[in-house]
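# Chain and residue survey
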Amino acid sequence: MIDLENMMKGAPEREPDLPLPSLEDQKRIVAELKALEEKGELTPEVMEKYFGGKSTH
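Summarised in this report is the structure supplied together with it. Just so we're clear, the structure is a prediction, and the values are computed from it rather than from any experiment.

The biggest cluster of nonpolar side chains holds five residues, and these are I29, L33, L36, V46 and Y50. Taken together, the elements giving at least two residues each to this core come down to helix 2 (23-38) and helix 3 (44-51). Ranked by residues supplied to this core, first place goes to helix 2 with three residues.

Right under this line is the structure:
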């Protein structure tokens, strides 16, 4: 049987999960992204801001 602790020693460290924004914040974010999409300004950099795993908003 494989020892779980030995398996974990070689595994990359995982960043902690970020809490979900409130429902109001989620609605605001969706509205912002839709507006940017309509203007043709929804770039990978913008998507990284919201979905890149960093709490920047």
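Let's pick the thread back up.
Let's shift gears to the packing of helix 2 against helix 3. Viewed as axis vectors pointing N to C, helix 2 and helix 3 meet at an angle of 175°, and their least axial separation amounts to 12 Å. One way to sum up the angle between helix 2 and helix 3 is to call them roughly antiparallel. Counted together, I29, E32, L33 and L36 of helix 2 and V46, Y50 and F51 of helix 3 form the full contact between these two elements. Its residues assigned to classes, the contact of helix 2 with helix 3 comprises six nonpolar, no polar and one charged.

Thresholds applied
- Residues numbered from 1 in each chain as written.
- Predicted model: local features only at pLDDT ≥ 70, side-chain atom pairs only at ≥ 80, totals over all residues.
- Heavy atoms only, no water.
- Core = buried A, V, L, I, M, F, W, Y, C linked by side-chain atoms within 4.5 Å.
- Buried < 20%, exposed > 50% of the residue type's maximum accessible area, 1.4 Å probe, protein only.
- Helix = DSSP H or I, 4+ residues; strand = E, 2+ residues; numbered from the N terminus.
- Axes fitted to C-alpha atoms, helices over the stretch in contact; angles between N-to-C directions.
- Parallel < 35°, antiparallel > 145°, perpendicular 65-115°, else oblique.
- Contact = heavy atoms within 4.5 Å.
- Nonpolar A, V, L, I, M, F, W, Y, C, P; charged D, E, K, R; others polar.

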